[in-house]
Amino acid sequence: LQLSYGSSSPALSNRQRFPTFFRTHPSATLHNPTRVQLFKKWGWTKIATIQQTTEVFTSTLDDLDQRVKEAGLEITFRQSFFSDPAAPVRNLKRQDARIIVGLFYETEARKVFCEVYKEKLYGKKYVWFLIGWYADNWFRIKDPAINCTEAEMAEAVEGHVTTEIVMLNPENTRSISNMTSQEFIEKLQKRLGKNPEETGGFQEAPLAYDAIWALALALNKTSAELVKKGLRLEDFNYNNKNITDEIYRALNSSAFEGVSGHVVFDASGSRMAWTLIEQLQGGVYKKIGYYDSTKDNLSWYNNDKWIGGAPPADYTKVITTFRFLSQKLFISVSVLASLGILLAIICLAFNIYNGHVRYIQNSQPYLNNMTAVGCTLALAAVFPLGLDGYHIGPGLFPFVCQARLWLLGLGFSLAYGSMFTKIWWVHTVFTKKEEKKEKRKTLEPWKLYATVGLLVGLDVVTLIIWQIVDPLHRTIEEFTKEEPKTDTDVSILPQLEHCSSTKMNTWLVLCLITAPVTMILSSQQDAAFAFASLAVVFSSYITLVVLFVPKMRRLITRGEWQSEQQDTMKTGSSTNNNEEEKSRLLEKENRELEKIIAEKEERVSELRQQLQDRQQLRSRRRSSNPAREADNHFSPGLSAAPAPPAPFYQPNLPLVRCLVSEQADKLGRGNCDGSRVHLLYK
């Protein structure tokens, strides 16, 4: 058998490896029930650890890990070091560890807390749990291995908690040796002389004394049992298993009051004892309680002190806050959008009401109506763009995302698709070759509407596929945590809601709303909404003003709509399709007249040339025959030069009469003014 008074390694509790080992010094794992009890008392659930890489501390930490899990707690961070604790301490700081259990020897403890001071891992936000068998002044001892002063070390260790096995009975009761614990200490101090606390093994002396008593009592009990079997202790040898078993049973069943307290062994041969809880207050260790793990009894003195006035939180509480859109900005832009919608409705009503006016008809009124409707939808998209968690719940957010998408998509396609179609039509009309003039001026309206319908239909199909295959949903963007100045145990995690899908960029390329939607995805909610909404609002305003205001101004200032109404009342006919047909017929007739006029002008030029030739011939004849010229001079038949031909153009003739004369053949074609024919075409 083996009996120890100073071994604390948890590995010695393994009965497979050490079947006959006993110790009056409890296992190091006896600290763990006390630590768990304190964690629960102060409401901590997240624990961090840092240990020296040795077998005793590793096995102790493994036992602690198991016990905290059974208690519903958690070891969140676990750091270890062999000789240099600088990196592990930095990791604890980076991982925001608050409640830290340190397992290391005294010399390494000084290294650890020197790094703790450098990393500022102490104060009112942190609590350290250390082993209690260090010397009381361990942090004041000068150590060449560290570069921290005594004052810095004292500042770093202030407020830490220690757990220590009770090695001296705190109660003033007589032990089996008929001495109290205080009497034992007094006799020991007399034997040791000066400064007994600095003598190695002084703290474990009561355990050694009780170990001798435990062995003596076990041998006495074994001797009595051997007598019953006709054996004696003097007959013991290492091959006599019967005597060994009797000694084992006697020692295992030991139970007596010693100077260290009640002595009893568990099934693994380890001493069961109380745990002393102390706290460093003002540089001095103060007893704040005891814990009896056998009875699960915590004796508390209620004299614990905290730098912050109360036990700190075991982790930084993260408060989630959403970044909402500025309501002043939302209301301001909404008012602008509402006025824009009103303007679009007025423009649409104006265009429909004056649809019979030729000036309105010539500008493709149906395309203009589509533009007005598209601007209305785009402006209406401003309202869902500004809706976020401040107005609606998470369940409605996907519907708002779809509303944004469809209103922007259809509004953009209708408004700018119709404008693009008109631009394309004008480009087609004025860039074709001369021989295709007739074809370019007779472009059917249905082709324009079909172009707009194709653009809108393509966008609608894309949006439907997007909504079915990869619909927009609510996503959360998280930002860097912010620490308020008033509370050190709280950090604020700003979050921002977005409308997003798995393949967002792909769908944006396929749609015609890439620019507005891309701007919405910015992380700055106010700036994103301002840019996107104001871009929609001002582009819609500009489109409506440029497209409709000049028409309104012309019709109002010139009164053209009144004359058109009067003409319609006189003729009793519609001024829509009939007028367009008449206009096309007149244009065709004008082109024919242009050709005829060009032929006549060419004929006139030829006749004038012939006339000049004849005049030159006559002049030569006169110079060769003067007598004849004299006679002719007095001849009545040649008294005057021939009258020039009647002028080909007669500008004073009315244009309508000129056109009618072409068909009725009442006036000659030469009576038409070519310049006025051109004017009609223009």
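Keep in mind that what you see is a predicted model, and the values were worked out from it rather than measured.

### Section: the overall build of the chain
Along its length, the chain carries 23 helices and 15 strands. Sorting the 682 residues of the chain into buried and exposed places 41% on the buried side. In the chain, the proportion of contacts linking residues at least 24 apart, taken out of those at least 6 apart, comes to 70%. As displayed, the chain has an accessible area near 37800 Å², and 56% of this comes from carbon and sulfur atoms.

### Concerning the state of the cysteines
What is meant by a disulfide is a covalent connection between two cysteines, made through their sulfur atoms. As enumerated under the stated definition, the model contains 2 disulfides in all. Residue cysteine 401 pairs covalently with cysteine 499 via a disulfide, S to S 1.9 Å. Measuring handedness by torsion sign, the sulfur bridge of cysteine 401 and cysteine 499 sits at about -80 degrees and is left-handed. Taken together, the residues cysteine 401 in helix α13 (residues 397-431) and cysteine 499 in strand β15 (residues 490-500) connect sequence positions 98 residues apart. Distance from the sulfur of cysteine 347, which forms no disulfide, to the nearest cysteine sulfur (cysteine 375) is 8.8 Å.

### Overview of the pattern of salt bridges
Following the criterion strictly, the structure yields 18 salt bridges and no others. In this structure, the salt-bridge partner of glutamate 74 is lysine 46, at a minimum N-O distance of 3.6 Å. In this pair, glutamate 74 is assigned in strand β4 (residues 74-81) and lysine 46 in strand β3 (residues 46-52), connecting sequence segments 28 residues apart. Judged by its relative accessible area of 39%, glutamate 74 is partly exposed. The residue lysine 228 makes a salt bridge to glutamate 225 at a minimum N-O spacing of 3.8 Å. Highlighted residues: lysine 228 and glutamate 225, both in helix α7 (residues 205-228), separated by 3 residues, approximately one helical turn.

### Description of unusual backbone geometry
Of note, the phi angle at aspartate 296 is positive, near 50 degrees, even though the residue is not glycine. Structurally, aspartate 296 can be placed in the loop between β11 (284-292) and β12 (297-300). For asparagine 302, which is not glycine, the phi torsion reads 60 degrees and is therefore positive. Assignment of secondary structure puts asparagine 302 in the loop between β12 and β13 (317-322). Here asparagine 302 falls in the exposed class, since its relative accessible area comes to 62%.

### Details of the layout of surface pockets
Approximately 1300 Å³ is the volume attributed to the second largest pocket. Elements represented by at least two residues in the lining of the second largest pocket include exactly β7 (161-165), α6 (181-192), β10 (274-281) and β11. When the residues that make up the lining of the second largest pocket are grouped by side-chain class, the tally is 18 nonpolar, 16 polar and 9 charged.

### Quick notes on a positive patch on the surface
Taken together, the side chains of Arg614, Arg618, Arg620, Arg621 and Arg622 make up a positively charged region of the molecular surface. Along the chain, arginine 622 falls in helix α20 (residues 577-624).

### Quick notes on the sheet that holds strand β14 (residues 473-478)
Two pairing modes exist for strands in a sheet, parallel and antiparallel, and in both the strands are linked by backbone hydrogen bonds. Pairing in this open sheet of 3 strands is mixed, and the strands run β13-β15-β14 from one edge to the other. Edge positions in the sheet fall to β13 and β14, since each of these pairs with one other strand and no more. Each strand of the sheet is rotated relative to its neighbour by a mean of 35 degrees, with strand direction disregarded. Of the strand pairs in this sheet, β13 and β15 are connected by 6 bridges, and their pairing is parallel. Residue pairing in the sheet places threonine 321 in a bridge with proline 494 of β15.

### Quick notes on the packing of helix α9 (residues 327-353) against helix α11 (residues 365-380)
Packing of α9 against α11 leaves a shortest axis separation of 9 Å and a crossing angle of 165 degrees. By the angle between their axes, α9 is roughly antiparallel relative to α11. For α9 against α11, the interelement crossing comes out left-handed. Judged by residue contacts, Ala337, Gly340, Ile341, Ala344, Leu348, Asn351 and Ile352 of α9 engage Pro365, Asn368, Asn369, Ala372, Val373, Thr376, Leu379 and Ala380 from α11. Taken together, the residues that form the contact of α9 with α11 break down as 10 nonpolar, 5 polar and no charged.

### Looking at the environment of isoleucine 131
Inspection of the secondary structure assignment puts isoleucine 131 in strand β6 (residues 127-131). Isoleucine 131 gets classed as buried once you look at its relative accessible area, which sits at 4%. Sequence separation between isoleucine 131 and phenylalanine 104 is 27 residues, and the spatial gap between their C-alpha atoms is 7.9 Å. Excluding residues within four positions of it along the chain, isoleucine 131 makes contact with Arg35, Phe57, Gly102, Leu103, Phe104, Thr162 and Thr163.

### Brief notes about the sheet that holds β11
Strand order across the open sheet formed by 8 strands is β4-β3-β5-β6-β7-β10-β11-β12, with mixed pairing between neighbours. The strands lining the two open edges of the sheet, one partner per strand, are β4 and β12. Each neighbouring strand pair of the sheet contributes to a mean axis angle of 25 degrees, computed without reference to strand direction. Bridging between β6 and β7 involves 3 bridges; their strand directions are parallel.

### Overview of the packing of α7 against helix α8 (residues 241-252)
The contact between α7 and α8 brings their axes to 8 Å, and the two run at 130 degrees. The orientation of α7 relative to α8 falls into the category oblique. Between α7 and α8 the crossing geometry is right-handed. Packed against α7, whose contacting residues are Ala214, Leu215, Ala218, Leu219, Lys221, Thr222, Glu225 and Leu226, the element α8 presents Ile243, Glu246, Ile247, Ala250 and Leu251 at the interface.

### Some remarks on the nonpolar core
In this structure, Phe39, Trp44, Phe113, Trp128, Phe129 and Trp138 are the most contacted members of the largest nonpolar core, which totals 53 residues. With 6 residues, helix α4 (residues 106-119) is the single largest residue contributor to this core. With residues up to four places along the chain from it excluded, the contact list for tryptophan 128 reads Ile50, Leu92, Ile100, Val112, Phe113, Val116, Leu121, His160 and Val161. Ranked by size, the runner-up nonpolar core spans 14 residues in total, among them Val382, Leu385, Leu408 and Val537.

### Description of the pairing of β15
Buried residues dominate β15, accounting for 10 of its 11 residues. Examined bridge by bridge, β14 and β15 share 6 bridges and lie antiparallel to one another. Bridge pairing in β15 links arginine 474 to cysteine 499.

### With respect to a nonpolar patch on the surface
Taken together, the side chains of Ile331, Val335, Leu336, Leu339, Leu342, Ile346, Phe538, Ile542 and Val546 define a hydrophobic patch exposed on the protein surface, amounting to about 840 Å² of accessible area. Those elements that provide at least two residues to the nonpolar patch are α9 and α18 (525-558). Ranked by residues supplied to the nonpolar patch, first place goes to α9 with 6 residues. Here leucine 342 shows up in helix α9.

Cut-offs applied
Residue positions are given per chain, counting from 1 as you read along its sequence in written order. Note on the predicted model: pLDDT of at least 70 is required for a residue's local features to be given, and 80 or more for side-chain atom pairs to be given and counted; whole-chain, interface and lining totals, by contrast, use all residues. Calculation of side-chain values draws on the structure's entire complement of heavy atoms; hydrogens and water are dropped beforehand. Numbering of helices and strands starts at the N terminus; helices are DSSP runs of H or I of at least 4 residues and strands are runs of E of at least 2. Each residue is assigned to one of three classes by its accessible area relative to the maximum for its type, calculated with a 1.4 Å probe on protein chains only: buried under 20%, partly exposed between the two thresholds, exposed over 50%. We call two residues contacting when some pair of their heavy atoms lies within 4.5 Å. The Shrake-Rupley method, run with a 1.4 Å probe sphere, supplies the accessible areas, and residue values consider only the shown protein chains as cover. Cysteine sulfur atoms that come within 2.5 Å of each other are treated as a disulfide pair. Whenever Lys or Arg places a side-chain nitrogen within 4 Å of a carboxyl oxygen from Asp or Glu, that contact is recorded as a salt bridge. Two kinds of site are reported from a 1 Å grid over the protein atoms alone, namely cavities, where a 1.4 Å probe fits but cannot get out, and pockets, open sets with protein on both sides within 12 Å along at least five of seven lines, and residues are called lining when an atom falls within 4 Å of a point. Grid points are joined across faces, edges and corners, and a volume is the space filled by probe spheres set on the points. Any residue outside Ala, Val, Leu, Ile, Met, Phe, Trp, Tyr, Cys, Pro, Asp, Glu, Lys and Arg is labelled polar, Gly included; the first ten of those are nonpolar and the last four are charged. Here a patch means residues that are over 30% exposed by relative accessible area and free of salt bridges, tied together within 9 Å if like-charged and within 5 Å if nonpolar (Val, Leu, Ile, Met, Phe, Trp, Tyr). In this tally Asp and Glu are treated as negative and Lys and Arg as positive; neither His nor the chain ends contributes. Every charge is mapped to an atom, namely NZ of Lys, CZ of Arg, CG of Asp or CD of Glu. Two strands qualify as a pair provided that DSSP identifies no fewer than 2 bridges between them. Under this scheme, a helix contributes an axis fitted over its contacting stretch, all axes are lines through C-alpha atoms, and angles between N-to-C directions fall in the 0 to 180 degree range. For classification purposes, angles smaller than 35 degrees are called roughly parallel, those larger than 145 roughly antiparallel, those between 65 and 115 roughly perpendicular, and all remaining angles oblique. In a left-handed crossing the near helix is turned counterclockwise from the far helix by less than a right angle, and in a right-handed crossing that turn is clockwise. Side-chain atoms within 4.5 Å link the members of a nonpolar core, which is a set of buried Ala, Val, Leu, Ile, Met, Phe, Trp, Tyr and Cys residues.

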